[in-house]
Amino acid sequence: MFNKNIKLVIAALIIGYGVYQFIEGYIGNGIFLILLSLIFIFLYFRNEIILLAFLRMRKQDMVGTEKWLSKIKNPEAALVKKQQGYYNYLHGIIFSQKNLTTAEKYFKRALKLGLNMDYDVAMAKLSLAGIAMQKRRKREATTLLQEAKKLDKNNMLTDQIKMMQQQMKKI
């Protein structure tokens, strides 16, 4: 909702007032204000709209996810670099059902900006491999599948990877 810099200013003001409360002897108020400022610091690193979009994505509501993402008007200014990666990652997932070329563009941009979790990187590379396979680029799909396999440490994507490898043998 707020710009990323405004969140830091609000957190600094709340921390300042919390320190003032400590000096005045109101320890409970100071502790509460310091904890309240942690919410704004957390939301600096994890954008609230992207969190809500992920909740919609978990419920398989692509329209709702797209609606939440459309509330971010200027992602370059409003989001930190990793948040921009997840913004593009979510758009890639949405467009993978509509337009493969646009989805490929979003997934590549998400990988370039960076994603925090290895599972998300593996999922993005697996999706790119599927797009490359549909566009008959077998070599690129093979390398992306191998990279996704290396990143999938918890073996959550092994079934999808095996299925894609079997489909690539048919090509």
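Placed above this text is the structure.
Parameters at a glance
Residues numbered from 1 in each chain as written. Predicted model: local features only at pLDDT ≥ 70, side-chain atom pairs only at ≥ 80, totals over all residues. Heavy atoms only, no water. Phe/Tyr/Trp six-rings, centres within 6.5 Å; stacked < 30°, edge-to-face > 60°. Helix = DSSP H or I, 4+ residues; strand = E, 2+ residues; numbered from the N terminus. Buried < 20%, exposed > 50% of the residue type's maximum accessible area, 1.4 Å probe, protein only. Salt bridge = Lys/Arg side-chain N within 4 Å of Asp/Glu carboxyl O.

S.K.: Run through the packing of aromatic side chains, naming residues and quoting values.
M.R.: A full pass over the atoms with the stated rule returns five aromatic pairs. Pairing Tyr86 with Tyr89 gives two aromatic rings, centres 6.1 Å apart and planes at 85°, and the pair type is edge-to-face. Pair noted here: Tyr86 and Tyr89 are both in helix H6 (residues 81-95), with a separation of three residues, about one helical turn. Among the residues examined, Tyr86 registers a relative accessible area of 9% and is labelled buried. Classification of Tyr89 by relative accessible area gives buried; the value is 4%.

S.K.: Describe in detail the environment of Ala141, supporting the description with residues and values.
M.R.: One can find Ala141 in helix H9 (residues 138-151). Taking the relative accessible area as the measure of exposure, Ala141 reaches 0% and is therefore buried. Separated by 23 residues in sequence, Ala141 and Met164 place their C-alpha atoms 9.3 Å apart.

S.K.: An account of the pattern of salt bridges is requested, with residue identities and associated values reported.
M.R.: Under the definition given, this model contains eight salt bridges. A salt bridge links Arg56 to Asp61; the nearest nitrogen and oxygen atoms lie 3.5 Å apart. A residue is classified by how much of its surface remains accessible, and Arg56, at 31% relative accessible area, is partly exposed. Taking the shortest distance from any N to any O, the salt bridge between Glu66 and Lys98 comes out at 2.9 Å. Of this pair, Glu66 sits in helix H4 (residues 62-70) while Lys98 sits in the loop between H6 and helix H7 (100-113), and the two are 32 residues apart along the sequence. Residue Lys98 is classed as exposed on the basis of its relative accessible area of 54%. Connected via shared salt-bridge partners are Glu104, Lys108, Lys135, Arg137 and Glu140.

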